[in-house]
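# Residue-level structure breakdown
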Amino acid sequence: MMTDSNRHIKRTKTGLTILILVLLCWGSAVRTDASLSSLMTGIPQMGDLLIEMVPPDWTFFSHIFDATLDTIRMALIGATLGAILAFPLALFSSSNLFPQFIVAPARFILNILRTIPDLLLASIFVAIFGLGIIPGILALAIFSMGIVAKLTYESIEAIDAGPLEAMTAVGANKTQWITFGVIPQIAAPFAAYFLYSFEINVRAAVVLGLVGAGGIGDWYNRTLNLLQYDKTSSIILLTLVVVILIDYVTTKVREQLL
Amino acid sequence: MNTNIDTSLPQPPKKKRLKGIIIFALIVAIYVWAFSGVPLASIQETAGQVLRSITNGLFHPDWDYVYLPDGEDLLRGLLDTLAIAVLGTFISAALCIPFAFWASNNMNRLRPVAGIGKFTLSFIRTFPELVLAILFIKAVGPGSFAGVLALGIHSIGMLGKLYSEAIETIDLGPTEALIASGASRFQVLWFAVIPQVIPAFISFALYRFEINIRSASILGIIGAGGIGTPLIFALNSRDWDRVGIILLGIIIMVIIIDAISGAIRKRIV
């Protein structure tokens, strides 16, 4: 049973947590100039914008179809390159395969890579390679490499140690060990993570064009700058359809894999 | 002694082999299509030079920018980013609760109702936060508040989904006991459902907060406040040593936040 003083301490703790949360919230609201009144006066303007977006410009679909295909290409090639690069990185990050002095630096590199936002990577690659889909592909490759490598090394660490011990017992070397003991166990989850990163890449690729990295995002910029909101809404609709379609397909394939 | 033992591997059944060939051909076709659209040899002649100045800038960051006595500096930018992520997460964590109950199979008597709720949540998820930010900039003007609203609305999609999954896995025993003893719907919710889902809710909100920190650092690229605004200025003016210090600042902030929220999540679950 809980004694009175225990209950008292618990109540004080909860109270303090709530107080800290409220203070955090209030401080953030002050810092970001959040105000309900500006939201209230702003909503009608947003309403006007939404009214201008309806109906979408249906004829615009034929213009942006190629750009949409470019976006899917970027996502697919980016995810593929990312998965290829992720594989060795994931092996080196698994503490049941390699000693600590390899695992620690590999994970450190992985963590740093995962903190860099994709749009920032894209802007840097645009500066190097110029406008187009190549910087987009490279940015997505690094972005998805981080995701796939992290998920993969977590599954490598959870694999069944039985086959590995058996192979050690019969004197297999490290390469044989990985080829016949590790890869068969993680091939299916690895493929699933690749598909998952492809799915995320499609969403990310949609906005990369905002910084000049090709694809449909480029058109977001152009139509918004020219105040052609009916065209913007057709872009939004088309990307929605593409994203839902790809999500559906990858989910089906993933279910088959696992 | 019989020496002609069949050492070849067993062949898979014909039908399975055919299926494998079709899948292989399909994958090859997809990749041929994908690579056919990539313009080769489009690398600029200046690429090497630009690359050198970028690496030079990234390894010699502009330390003076960390704190400037008057106005826009790194620390204030990061503080803004943090504030956007905190408030955005709070707003979505509060707003997504009704959506989560709407989308849970065990909270609705009719299954289609939950289905519609799930669809609504995935519809919200498909809207990129940058597009939402553009909409909110039109409404409240450029600045951090637009970023807060964009994150607040966008995160409802994911948080609502995670919350509804948490609600679907609760133990229904307490709920039934309360109904049996004549509790009202609200009392059932308050005393049987909420206590079971609170830890999961907090943990998911923290997880989303980690994602929102990353998002908030790029929202400024389109004018929605935070560290992204000085970042895009530095990128456009090819001011690589400033890009270097901002990048370093973002990486350090994200690592610290991840460590803190990871520690809190471990204690909760």
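Residues numbered from 1 in each chain as written. Chains lettered and ligands numbered in written order. Predicted model: local features only at pLDDT ≥ 70, side-chain atom pairs only at ≥ 80, totals over all residues. Heavy atoms only, no water.

## Remarks on the overall build of chain A
We count it as follows: Under the scheme used here, helices are H or I runs from DSSP no shorter than 4 residues and strands are E runs no shorter than 2 residues, and both carry numbers assigned from the N terminus. The globule rule is 2.2 Å times the number of residues to the power 0.38, and the radius of gyration it is compared with is taken over C-alpha atoms. A simple rule labels every residue: compare its accessible area, found with a 1.4 Å probe on the protein chains alone, to the largest value its type can have, and call it buried under 20%, exposed over 50%, or partly exposed in between. Should any heavy atoms of two residues lie within 4.5 Å, those residues are considered in contact. Method for areas: the Shrake-Rupley scheme with a 1.4 Å probe, in which residue coverage is limited to the protein chains shown.
Counting its secondary structure elements, chain A contains 10 helices and 0 strands. Ordering the α and β elements of chain A from the N terminus gives α-α-α-α-α-α-α-α-α-α. Its C-alpha atoms give chain A a radius of gyration of 25 Å, clearly above 18 Å, the size a compact globule of 258 residues would have. With respect to the principal axes defined by its C-alpha atoms, chain A has extents near 75 × 65 × 35 Å. The buried share of chain A, taken over its 258 residues, is 47%. Of the contacts made within chain A by residues no fewer than 6 positions apart, 76% connect residues no fewer than 24 positions apart. Accessible surface, chain A: about 13,000 Å² in total, of which carbon and sulfur atoms supply 70%.

## What about the overall build of chain B?
Check the secondary structure of chain B and you find 10 helices and 0 strands. Taken from N to C terminus, the helices and strands of chain B fall in the order α-α-α-α-α-α-α-α-α-α. A compact globule built from 269 residues should have a C-alpha radius of gyration of about 18 Å, whereas chain B, at 26 Å, is more than 25% larger. Seen through its principal axes, chain B has C-alpha atoms that stretch 80 × 70 × 40 Å. Counting over 269 residues, chain B shows a buried share of 43%. Taking the contacts inside chain B whose residues are at least 6 apart along the sequence as the reference set, 72% of them involve residues at least 24 apart. About 14,900 Å² of surface is accessible on chain B, with carbon and sulfur atoms providing 69% of the total.

## A word on the interface of chain B and chain A
The condition that has to hold: Reported buried area values correspond to the accessible surface (1.4 Å probe) lost by two parts on association, with both partners' losses combined. By salt bridge we mean one thing: a side-chain nitrogen of Lys or Arg within 4 Å of a carboxyl oxygen of Asp or Glu. What qualifies as a polar contact is a pair of N or O atoms within 3.5 Å, subject to a donor-acceptor requirement within protein and to the restriction that residues adjacent in sequence count only when both atoms come from side chains. Each residue is assigned to one of three groups, with Ala, Val, Leu, Ile, Met, Phe, Trp, Tyr, Cys and Pro labelled nonpolar, Asp, Glu, Lys and Arg labelled charged, and all others, Gly among them, labelled polar.
The partner chain A presents 55 residues to the 55 residues of chain B that form the contact. With both chains or domains summed, chain B and chain A bury close to 4,800 Å², and 78% of this area falls on carbon and sulfur atoms. Taken as a group, Trp 33, Lys 138 and Phe 145 of chain B account for 12% of the area that chain B buries against chain A, more than any other trio of residues on that side. In this assembly, chain B and chain A are joined by 1 salt bridge. In this structure, Asp 80 of chain B and Arg 31 of chain A form a salt bridge, with 2.6 Å as the shortest nitrogen-oxygen distance. Scanning the region where chain B abuts chain A turns up 7 residue pairs in polar contact (both at pLDDT 80 or more). Considered class by class, the residues forming the side of chain B that touches chain A number 42 nonpolar, 7 polar and 6 charged.

## Digging into the packing of helix H5 (residues 129-140) of chain B against helix H6 (residues 144-168) of chain B
All names here are of chain B. What counts here: Whenever a helix is involved, its axis is fitted only over the stretch in contact; in every case the axis is a line through C-alpha atoms, and angles between N-to-C directions fall within 0 to 180 degrees. These descriptions rest on fixed angle ranges, namely under 35 degrees for roughly parallel, over 145 for roughly antiparallel, 65 to 115 for roughly perpendicular, and the rest for oblique. Each helix crossing is assigned a hand: it is left-handed if the near helix lies turned anticlockwise from the far helix by less than a right angle, otherwise right-handed if that turn is clockwise.
Relative orientation of the contacting elements H5 and H6 amounts to 135°, with a least axis distance of 8 Å. Overall, the two elements H5 and H6 adopt an arrangement that is oblique. Where H5 crosses over H6, the two elements pack in a sense that is right-handed. Contact residues: H5 offers Glu 129, Leu 132, Ala 133, Phe 136, Ile 137 and Val 140, while H6 offers Phe 145, Ala 146, Leu 149, Ala 150, Leu 151, Ile 153 and His 154.

## Concerning the UniProt feature "transmembrane region" (unreviewed entry) in chain A
Cut-off, in case you're wondering: UniProt positions are given in the numbering used here, feature names are shortened, and annotations may be inferred rather than shown by experiment.
Residues annotated by UniProt as "transmembrane region" (unreviewed entry) correspond here to residues 75-98, 119-143, 177-195, 202-220 and 232-250 of chain A. Strand forms 0% of residues 202-220 of chain A and helix 58%; the C-alpha atoms that close the span are 15 Å apart.

## Considerations on the nonpolar core
Short version of the rule: Residues enter a nonpolar core if they are buried and are Ala, Val, Leu, Ile, Met, Phe, Trp, Tyr or Cys, with the set joined through side-chain atoms within 4.5 Å. Annotation comment: domain bounds sourced from an automatic or database domain assignment.
Counting residues in each nonpolar core, the largest one holds 114 residues, and the members touching the most others are Ile 128 and Phe 198 of chain A together with Leu 235 and Ile 246 of chain B. Looking at this core element by element, the count peaks at 12 residues for helix H3 (residues 61-92) of chain A. Of the domains in this structure, domain 1 (4-52) and domain 2 (57-257) of chain A are the two that each give at least three residues to this core. Excluding its chain neighbours within four sequence positions, the residues that come into contact with Ile 246 of chain B are Tyr 65, Leu 74, Ile 227, Pro 230 and Leu 231 of chain B.

## Here's the deal with unusual backbone geometry
Positive phi outside glycine occurs at Leu 227 of chain A, with the angle close to 60°. Within the fold, Leu 227 of chain A resides in the loop between helix H9 (217-225) and helix H10 (229-257). One non-glycine residue, Arg 238 of chain B, lies in the positive phi region at around 55°. Relative to the elements of secondary structure, Arg 238 of chain B occurs in the loop between helix H9 (228-236) and helix H10 (240-268). When its relative accessible area of 47% is taken as the criterion, Arg 238 of chain B is described as partly exposed.

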